[in-house]
Amino acid sequence: MNLPKKRRLGRGLESLLGGGMEEDLREPGLAARADEGSHVAGSAGGLLNLSVFEIDENPFQPRRDFSESEIASLAESLKDHDILQPILVRQVAGRYQLISGERRLRAAIQAGWSTIPARLREADDRLVAELAIVENLQRKDLNPIEKGLSFRRYLDEHQCKQEDLAQRLKIDRSTIANLMRLLELPRQIQEQLQKNELSAGHARALLPLGDEPLQLEMARRIGEEGLSVRDTERLVNQQIMQAESPAIPFHQPVAAIQRDHQREALERELRLALGLKVKIRAARAGRGSIVIQFSDEGEFQRVFDELAGRNRMARAS
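Residue numbers run consecutively from 1 along every chain, following the written order of its sequence. pLDDT decides what is reported in this predicted model: residues at 70 or higher carry local features, side-chain atom pairs at 80 or more are listed and counted, and totals for whole chains, interfaces and linings draw on all residues regardless. Where side-chain values are given, they derive from all heavy atoms of the structure, hydrogens and water being excluded.

(A) Inspection of the overall build of the protein at higher detail. Broken down by element type, the protein carries 13 helices and 7 strands. Whether a residue is buried, partly exposed or exposed follows from its accessible area with a 1.4 Å probe, protein chains only, as a fraction of its type maximum: under 20%, in between, or over 50%, in that order. The burial tally for the protein puts 44% of its 317 residues in the buried class. What makes two residues a contact is simply this: any of their non-hydrogen atoms within 4.5 Å. Pairs at least 24 apart in sequence give 67% of the contacts found in the protein among residues at least 6 apart. Per-residue and other accessible areas were derived by the Shrake-Rupley procedure at a 1.4 Å probe size, with only the shown protein chains allowed to occlude residues. Just so you have it, the protein exposes about 17400 Å², and 49% of that area is on carbon and sulfur atoms. Counting from the N terminus, the helices are the DSSP runs of H or I reaching at least four residues and the strands are the DSSP runs of E reaching at least two.

(B) Representation of the pattern of salt bridges in the model. In what follows, salt bridge is the name for a side-chain nitrogen of Lys or Arg lying within 4 Å of a carboxyl oxygen of Asp or Glu. Following the criterion strictly, the structure yields 11 salt bridges and no others. Across the pair R106 and E102 runs a salt bridge whose closest N-O atoms are separated by 3.0 Å. On the criterion of helical spacing, the pair formed by R106 and E102 is a turn pair, its members being 4 residues apart in helix 3 (residues 102–110). E225 is the partner of R221 in a salt bridge, and the nearest nitrogen-oxygen pair spans 2.9 Å. Placement of both R221 and E225 in helix 10 (residues 212–225) is noted, with a separation of 4 residues, approximately one turn of the helix. Given the relative accessible area of 25%, R221 is considered partly exposed. Look at E225 and you get partly exposed, because its relative accessible area is 44%. Several salt bridges converge on common partners, so that one network encompasses R126, E130 and R168.

(C) How the structure looks around a nonpolar patch on the surface. Nonpolar side chains (Val, Leu, Ile, Met, Phe, Trp, Tyr) within 5 Å and like charges within 9 Å form the patches, drawn only from residues with over 30% relative accessible area and no salt bridge. On the surface, a cluster of nonpolar side chains totalling about 300 Å² of accessible area is made up of F294, F300 and F304. Tracing the chain through its elements places F294 in the loop between strand 7 (288–292) and helix 13 (297–316). A relative accessible area of 46% places F294 in the partly exposed class.

And the structure:
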């Protein structure tokens, strides 16, 4: 039940927290004293023994579903072995608000504890949101949709770009982009992801189709036929080729046919890279245009951030 190791935390966040987030609490008899019903007043970084009823939930918690069996198992472990890590809280409007450790808090309540060890930290809303993302990003049981939603909420609330968040969390921007792209899929496919009926790899393979009925049909085939991710990618590529390769008129010159095949191959490559429909319009003397089709503002912003981000990195190198 330990939080991610220190090396997984962004260095900027770790320095803001003073390193206290990951410290183990191994004081003997700690759980036994959890029933005393009082807490020790302390400043930021100090250890408190807080009433479980004066701790409010983290409003930035990405995780929406908590396994009841998992919480019950952890509650039994707390009864037998004490708690090895305190939860992390901040003070808000005269009460305490959870920063990290929600599973431990839920388990402590289920185990009948009236108080729980906690460390107090000073943190604004932005830092708390970042910590919630960091704590959950490496968790295998947090589904990709929850992660993508936490990124989108952060970007919307703080009016920043994916590149800015990636720098603050010290993670690759592609991690953010790939998870947020899954939010462009139909709601039914997102629900399949949340229920572990579809893997993130399968879901990403559906993105280049760019057509909801086609995506839903392919998702149905994945479930019914047990398609692997590689099989899905192959079928999606075939679907794109069929859709973009109409019958060639018999009178078309061979050179023009070859140019059309080259253009279609380039369009498919761009479509697979961007997850959107792309058309290349060629003119004379090597001139032309590339048209990227997007269906909403979110898709436009995602492609803009990706292309602009690559351009900034190219200039910096």
